[in-house]
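Okay, here's what each chain looks like letter by letter:
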Protein chains: 2
Amino acid sequence: MNIGIIGYGGVGKALVRLIKKKKYDFNIKFIIKSDGGIVCKSGINIDSILINEDNLQRHEFWSKGLSLENVIDNDIDYLIELTPTNKDTGEPALSFIKLALKNGISVVTGNKGPVLIDYKGLKRLAEENNAKLGIGCTVGAALPTIEGGAVGCAGADILCIEGILNGTSNFILSEMSEKAVSYEEALHKAQSIGIAETNPYMDVEGYDTAIKMIILTNYFFDSQITLKDVDIVGISNISKEVINRVKDSGGKIKLLGKTYRENNEIKIKVSPEILNVEHSLYSVDRKNKGILFNTDVLGNITIIGGASGVENAAASIVRDITNLK
Amino acid sequence: MNIGIIGYGGVGKALVRLIKKKKYDFNIKFIIKSDGGIVCKSGINIDSILINEDNLQRHEFWSKGLSLENVIDNDIDYLIELTPTNKDTGEPALSFIKLALKNGISVVTGNKGPVLIDYKGLKRLAEENNAKLGIGCTVGAALPTIEGGAVGCAGADILCIEGILNGTSNFILSEMSEKAVSYEEALHKAQSIGIAETNPYMDVEGYDTAIKMIILTNYFFDSQITLKDVDIVGISNISKEVINRVKDSGGKIKLLGKTYRENNEIKIKVSPEILNVEHSLYSVDRKNKGILFNTDVLGNITIIGGASGVENAAASIVRDITNLK
């Protein structure tokens, strides 16, 4: 399996380490970063990449200014697209993915931006060029959401979807409930141990959950929902008192994404909801994630877990390739 | 898609009803029962089957003594094998499946017997004849166990598996815990509402769970474990007092199947175990089922649910076909 990688941040580096560790039969022909990259038509020795992991410029094959256009005809089976996410334009990832697909090269991406902006267009482009497109990593990474719905619910109709898909906000809510602390204290804890970002806006205000629900929904319902179509309420206004009251009654507040049908239209909303112990996502605590597919003839199918580090995200990229080939 | 069905009990009938209800593009060319069957080379009108559902002998195409040998060259894509289970010999299902595979016909079965006895042989036969073999229905029916491990964990190594896979014993344990009744009372309740069979031995003594764990384990670990290799303890000796004590400490007793490695050997055991609230199978109550895959690079992936009626089992047959084609 010949691959090329574009984007060499946390997940990209973890992917190369994982290929070495698990001895996957992947031959890396190029790695492109924003300022250049390394390339070798016959494949790059993996140890030579790992040695220069944090300083790819030092690699013997480094070529300043190297871009995807320069290397796309390098006879790869898969382009792994892991560049930074832009939720407004999907760029530059959208153009990278299109370039590969137009050349008949299959793509696996871990990037929510392009899939959010134009999944339908990318899917059509893939079909037109007899290429494959893997997006499993973009929704929950190691948690098999796309796979769970597509394969686990095959033959049935998915009626609605519920998901706890944002580890940061779920951690904060668990912390508030378990330690009886305020939102600010829980957020601070999450930031101090590297779970929440310095600017946690996208996570705690529900946008990350919304984006993941949109990707899932457009995938399963062939809809074209965008961020502005989604009702979003985050968790930053939830008081310690409310959390405690819900806890005393045996419930938990979770930031839930929901896809449902209203007047024959597919809708998505994201908001804090009270889950009781009977709910199959009740046990999804702290950094954990979970998804529930409600189907017509297979009943409810709930999937929980999937670890959330960069190695696990990289493993979900490998899972996509394994399932597509 | 041209199919033939052998075995026309609860799931077989539900399958035909489901094909009608969901308008699946399946053309039924024959249905074989133990004493004969119906056959039509161009396909049988589905309404004509449904009208005679409980009396197939009245169908215009009924042919007494018709057997699989008579119809196997009828140009079908899939044989759906749903005859009664025999856990000791796998017969007659084993011979039916072999006959189809030898003729290059793919098979989907809901029958644990032949898969328990000779999955490896059947898989090899399928490969030799360029045919496919679907066994998803045999472990948990609507709960996507095989799919969850094969697709949801693709690229990772499964290290161990834990499963709550028997609805009857799980219902009894839930009933004992929730209503503080004895094993006998809970069993009686389960029998009175049609959950437990008159002879519940296979379910409550752990054999059904063991068989499902063997099928999963031989599938995922390429092992050849048989029933006599499995340590099995059932639930019939669990007292009300023990259940209550565990409940008071916040736990639940579940009949758990476990696949694990000991001295580099794959082992299976089935026994009642105490699960605490942190365990992702803790919420699997009553007739519900669940499975947990512990993997090396994707973390823990838990799948819960999948409704447990005959329609849901039939839907899992359709899922297998959908995923195989």
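Residues numbered from 1 in each chain as written. Chains lettered and ligands numbered in written order. Predicted model: local features only at pLDDT ≥ 70, side-chain atom pairs only at ≥ 80, totals over all residues. Heavy atoms only, no water.

1. Examining the sheet that holds strand E2 (residues 27–33) of chain B
All names here are of chain B.
Here comes step 1: Strand order in this open sheet of seven strands is E4-E3-E2-E1-E5-E6-E7, and the pairing throughout is mixed. Looking at which strands have only one partner, the edges of the open sheet turn out to be strand E4 (62–64) and strand E7 (133–134).
Here comes step 2: Alignment of strand E1 (residues 2–6) against E2, held across five bridges, turns out to be parallel. Bridge assignment links glycine 4 to a residue of E2, and that residue is phenylalanine 30.
Here comes step 3: In the packing of helix H12 (residues 310–324) onto the sheet, contacts are made with strand E5 (78–81), strand E6 (106–109) and E7, and the angle to E6 comes to roughly 150 degrees. (Pairing = 2+ DSSP bridges. Helix = DSSP H or I, 4+ residues; strand = E, 2+ residues; numbered from the N terminus. Contact = heavy atoms within 4.5 Å. Axes fitted to C-alpha atoms, helices over the stretch in contact; angles between N-to-C directions.)

2. Here we look at the environment of B:Asn74
Residues and elements named next belong to chain B.
Here comes step 1: One can find asparagine 74 in the loop between helix H3 (68–71) and E5.
Here comes step 2: The sequence separation of asparagine 74 and leucine 159 amounts to 85 residues, and the corresponding C-alpha distance is 43 Å.
Here comes step 3: Setting aside residues up to four positions removed in sequence, asparagine 74 forms contacts with Lys29, Phe30, Val39 and Lys41.
Here comes step 4: Among the polar contacts listed, one links the side chain of asparagine 74 to the side chain of lysine 41, at a separation of 3.3 Å. (Polar contact = N/O pair within 3.5 Å; in protein donor to acceptor, adjacent residues only side chain to side chain.)

3. A few points about the domain arrangement of chain A
Residue and element names in this part refer to chain A.
Here comes step 1: The domains assigned to chain A are domain 1 (2–142 + 311–324) and domain 2 (145–306).
Here comes step 2: Taking the mean C-alpha position of each, domain 1 and domain 2 sit 28 Å from one another.
Here comes step 3: Contact residues are listed per partner, giving 15 residues for domain 1 and 17 residues for domain 2.
Here comes step 4: Of the roughly 1,500 Å² buried between domain 1 and domain 2 on both sides combined, carbon and sulfur atoms contribute 69%.
Here comes step 5: Its largest share of buried area at the contact with domain 2, domain 1 owes to Leu116, Lys120 and Val139, together 40% of the area lost on that side.
Here comes step 6: Run the count over domain 1 and domain 2 and you get three salt bridges. (Domains from an automatic or database assignment. Buried area = accessible area lost by both parts, 1.4 Å probe. Salt bridge = Lys/Arg side-chain N within 4 Å of Asp/Glu carboxyl O.)

4. Quick word on the interface of chain A and chain B
Here comes step 1: Every contact between the two is made by 36 residues of chain A and, on the other side, 36 residues of chain B.
Here comes step 2: Summed over both partners, the interface of chain A with chain B buries about 2,500 Å², with 58% contributed by carbon and sulfur atoms.
Here comes step 3: Among the residues of chain A in contact with chain B, A:Val151, A:Val297 and A:Leu298 are the three that bury the most area, contributing 22% of the side total.
Here comes step 4: Our enumeration of links across chain A and chain B arrives at four salt bridges.
Here comes step 5: Linking B:Lys22 and A:Asp157 is a salt bridge whose minimum nitrogen-to-oxygen distance equals 2.7 Å.
Here comes step 6: Inspection of the chain A/chain B interface yields 18 residue pairs in polar contact (both at pLDDT 80 or more).

5. Some words on the nonpolar core
Here comes step 1: Residues A:Ile80 and B:Ile80 are the most contacted members of the largest nonpolar core, which totals 201 residues.
Here comes step 2: Look past the residues within four positions of A:Ile80 in its chain and what remains in contact with it is A:Ile3, A:Gly4, A:Ile5, A:Ile6, A:Leu15, A:Val108, A:Ile317 and A:Ile321.
Here comes step 3: Counting 14 residues, the second-largest nonpolar core is a separate cluster that includes A:Leu256, A:Val284, B:Leu256 and B:Leu292. (Core = buried A, V, L, I, M, F, W, Y, C linked by side-chain atoms within 4.5 Å. Buried < 20%, exposed > 50% of the residue type's maximum accessible area, 1.4 Å probe, protein only.)

6. A word on the side chain of A:Lys254
All names here are of chain A.
Here comes step 1: Mapped onto the fold, lysine 254 is located in strand E10 (residues 252–262).
Here comes step 2: Overall, the relative accessible area of 1% leaves lysine 254 in the buried class.
Here comes step 3: Looking at lysine 254, its side chain comes within polar contact range of the side chain of asparagine 170, at 3.3 Å.
Here comes step 4: A polar atom in the side chain of lysine 254 sits 2.9 Å from the side chain of aspartate 285.

7. Observations concerning the pattern of salt bridges
Here comes step 1: This model, assessed by the stated rule, comprises 40 salt bridges over all chains.
Here comes step 2: When the shortest N-O distance is used, the salt bridge between B:Glu175 and B:Lys189 registers 2.9 Å. A residue pair is termed long-range when its members are at least 10 positions apart, and B:Glu175 in helix H7 (residues 167–179) and B:Lys189 in helix H8 (residues 183–192) qualify at 14 residues.
Here comes step 3: By relative accessible area, which is 4% here, B:Glu175 ends up buried.
Here comes step 4: Through salt bridges that share partners, A:Glu175, A:Glu178, A:Lys179, A:Lys189 and A:Arg286 make up one connected network.

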